[in-house]
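Below are the chains, spelled out letter by letter.
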Amino acid sequence: MKIQITICGGGNAAHTLVGLLGNQNDVIVKVYAPLGDEADRWQNGIRLNGGITVLTPQGKKLGRPDLVSRNASKAVSGSELVILALPAFAHQAILEEIAPYLISGAWVGALPARGGFDLGARSALGHQVTQVSIFGFQTLPWACRIQQYGSEAIILGTKKQVDIAAWPAAQGPVIADRLQQLLSVRLDPVGSFLSLTLADTGQIIHPGIMYGLFHDWNGKPYPDKRPFYQGVDDTIAEVLQQMSDEVQGLRTVLGKSYPDLDLSAVRSLNDWLLRSYQGTIADSSTLQSRFATNQSYAGLTAPMKPMSGGFVPDFQARYLAEDVPFNLLVTRGIAGLADVPMPMVDRVVTWAQTQLGKEYLVDGKVEGTDLPATRAPQRFAITSLDRLFQEMEYLAADSAVST
Ligand code: NAD
């Protein structure tokens, strides 16, 4: 039987998904691309190329969507699977736009989810949320880029496995099975969205290294772009270690308060690096050397913009603009509810919000004028851990998965 899928978005991930899914006989693909003139650019490109070609290490795949539209009703009505392939800051608006057209029983999810996707989705979908299941991937399965808009994308690398969370959690294994078939990527269901939120190491690595590299920047251009991961020295490694320890401290406190909770996927940064990059780390003796000698990180530079005389840091890049409000601050918000101090995280968030021109943390509290553009629980007026667990069904999630 055919499945109808809507891909929301018009960037790298959306192009890749359309090429891979539109290539399959039993799949109807529609694209919801409301931003600017993207729908027209998709249509032009597809007309010329006959669809989206995806260059994979195994060869070319050509997938043709049945429809590309900036109209949510046309693009989403009747779809059983709706995938948000978008930066996290676009999730809420897109979810609100598509909510009226979701059919009962639809699966709605994000690749990647980032932190607190369940909180954001359940708020944005309103009463519709009880009709659907929500899912989120820990990360995008591919490193991918558009080569030619509306025509061609390239997959540079594919992850060996990706964690997936779902609400209701009993749906996790079912959704994982189906998406695994469709995407040919191994998907491992985790206990709950809470696990996915706390386990995201991008929230430590990206803001932590940005802070380490640039917190004492003197404002003058650098002659060259600075190495990002391989720029981790002993001092930056200490920042990352402390941030990781603080997340592990939160995990321990939550585990004591809720003994049935499964947070086994929330790994320390050291463990995560070894698990993710076994074979590409030449010297795994310290956290610093796990970054500096990791071949997978070779040559990757910090987000920097050209300027007369060299390059300056780009503080509006996603390493701060996405990873702070939609990742680190969510974890910090949960720590606030649990009364777990996070002094190094606070130092990094305080520095980052200054660079971003935002206010997320005031006198050690998750509040401030820019809270509405985050997914911290405080933004949804959740003021206690018990309320968070009850509303998000984290404990029900755990028992549902383990039965
Ligand atoms: P992208 O920059 O290509 O996506 C941008 C697209 O998002 C735009 O073209 C538009 O279609 C949509 N969008 C942005 N703002 C919008 C708005 N306000 N309203 C509606 N649509 C809007 O991003 P991507 O590379 O496709 O990545 C998607 C997500 O995956 C991001 O969170 C990214 O950090 C993550 N990710 C990407 C890669 C990769 O290799 N591309 C790897 C890992 C993680």
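Please read these numbers as outputs of a predicted model, since none were measured by experiment.

Turning our eyes to something else, we now look at the site of the ligand. Taken together, 21 residues are adjacent to the ligand, and Gly10, Asn12, Ala13, Glu38 and Arg318 come closest. Residue Glu322 places a side-chain N or O atom 2.9 Å away from an oxygen atom belonging to the ligand. When the free accessible area of the ligand is taken as 820 Å², the share hidden by the protein chains comes to 79%. Counting residues per element, the ones that place at least two in the shell around the ligand are α1 (12-21) and β9 (142-148). It is β9 that contributes the most residues to the shell around the ligand, 4 residues altogether. Across the shell around the ligand, the residue classes break down as 12 nonpolar, 4 polar and 5 charged.

This part covers the pattern of salt bridges. For the coordinates displayed, the defined rule picks out 6 salt bridges. The residue Arg186 makes a salt bridge to Asp188 at a minimum N-O spacing of 2.8 Å. For Arg186, a relative accessible area of 47% translates into the label partly exposed.

A word on helix α9 (residues 234-257). For α9, which comprises 24 residues, the first-to-last C-alpha distance of 34 Å matches the rise-based estimate of 34 Å (1.5 Å per residue) to within 8%. Within α9, the full set of buried residues consists of Ile236, Ala237, Val239, Leu240, Met243, Ser244, Glu246, Val247, Gln248, Leu250 and Leu254. In this structure Asp233 caps α9, since a side-chain oxygen of it lies 3.1 Å from the backbone nitrogen of Thr235.

The next thing to look at is the packing of helix α13 (residues 324-337) against helix α14 (residues 343-356). The contact between α13 and α14 brings their axes to 11 Å, and the two run at 145°. You can see that α13 and α14 cross each other, and the crossing is left-handed. Together, Val324, Leu328, Leu329 and Arg332 of α13 and Val345, Asp346, Val348, Val349 and Ala352 of α14 make up the contact between the two elements. Looking at the contact of α13 with α14 residue by residue, the classes come out as 7 nonpolar, no polar and 2 charged.

Before going further, it helps to spend a moment on the sheet that holds β9. Taken together, the 4 strands give an open sheet; going across it, the order is β4-β3-β10-β9, and neighbouring strands pair in mixed fashion. Two strands bound the open sheet, and with one partner strand each, they are β4 (59-63) and β9. Between one strand axis and the next, the sheet turns through 25° on average, direction left out of account. Each of β3 (52-56), β4, β9 and β10 (152-158) is contacted by α1, which is oriented at about 90° to β9, the strand it contacts most.

Here we come to the nonpolar core. Across soluble globular proteins, you tend to see nonpolar side chains buried next to one another. If you look at the biggest cluster of nonpolar residues, it comprises 98 residues, and the most contacted ones within it are Leu84, Ile98, Ile209, Leu254, Phe291 and Leu388. Broken down by element, this core gets its largest block of residues, 8 residues, from α9. In terms of domain composition, this core takes at least three residues from each of domain 1 (3-189) and domain 2 (198-392). Grouped together as the second largest cluster of nonpolar side chains are 41 residues, Leu81, Leu111, Leu182 and Leu183 included.

Below, the discussion takes up the domain arrangement of the protein chain. Taken domain by domain, the protein chain consists of domain 1 (3-189) and domain 2 (198-392). Averaged C-alpha coordinates put domain 1 and domain 2 at centres separated by 26 Å. Taken together, the contacts link 19 residues of domain 1 with 18 residues of domain 2. Here domain 1 meets domain 2 over a buried area of about 1,600 Å², counting both sides, of which 48% is carbon and sulfur. Applying the counting rule to domain 1 against domain 2 returns 1 salt bridge. In this structure, Glu322 and Arg114 form a salt bridge, with 3.5 Å as the shortest nitrogen-oxygen distance. In this assembly, domain 1 and domain 2 are joined by 10 residue pairs in polar contact (both at pLDDT 80 or more). Among the elements of the structure, α4 (91-98), α5 (117-124) and β11 (161-167) are those that each provide at least two residues to the side of domain 1 that touches domain 2.

Each packed pair of helices is defined by two parameters, the angle between the axes and the distance between the axes. Where α4 contacts α5, the axes come no closer than 9 Å and their chain directions differ by 35°. Crossing of α4 over α5 shows right-handed handedness. Of α5, the residues touching α4 (which contributes His91, Gln92, Leu95 and Glu96) are Phe117, Ala121 and Ala124. Its residues assigned to classes, the contact of α4 with α5 shows 4 nonpolar, 2 polar and 1 charged.

Spatial strand order, β5-β2-β1-β6-β7-β8-β11-β12: 8 strands in an open sheet with mixed pairing. Strands with a single pairing partner mark the edges of an open sheet, and in this sheet they are β5 (67-69) and β12 (186-189). Strand-to-strand twist in this sheet, taken as the mean axis angle between neighbours without regard to direction, amounts to 25°. Running over the sheet, α5 touches β6 (81-84), β7 (107-110), β8 (133-137) and β11 and is turned about 145° from β8.

Listing the buried residues of α4 in full gives His91, Ile94, Leu95 and Ile98. Buried residues of α4, seen end-on, are gathered within an arc of 100° and therefore sit on one face of the element. Against the buried residues of α4 lie β1 (3-8), β2 (27-32), α3 (72-76), β6, β7 and α5.

The rules behind these values
Residues numbered from 1 in each chain as written. Predicted model: local features only at pLDDT ≥ 70, side-chain atom pairs only at ≥ 80, totals over all residues. Heavy atoms only, no water. Near = heavy atom within 4 Å. Polar contact = N/O pair within 3.5 Å; in protein donor to acceptor, adjacent residues only side chain to side chain. Areas by Shrake-Rupley, 256 points an atom, 1.4 Å probe, with all protein chains shown as cover. Helix = DSSP H or I, 4+ residues; strand = E, 2+ residues; numbered from the N terminus. Nonpolar A, V, L, I, M, F, W, Y, C, P; charged D, E, K, R; others polar. Salt bridge = Lys/Arg side-chain N within 4 Å of Asp/Glu carboxyl O. Buried < 20%, exposed > 50% of the residue type's maximum accessible area, 1.4 Å probe, protein only. Expected span 1.5 Å × (residues − 1). Axes fitted to C-alpha atoms, helices over the stretch in contact; angles between N-to-C directions. Left-handed = near helix turned anticlockwise from the far one by under 90°. Contact = heavy atoms within 4.5 Å. Pairing = 2+ DSSP bridges. Core = buried A, V, L, I, M, F, W, Y, C linked by side-chain atoms within 4.5 Å. Domains from an automatic or database assignment. Buried area = accessible area lost by both parts, 1.4 Å probe. Arc of directions from axis to C-beta.

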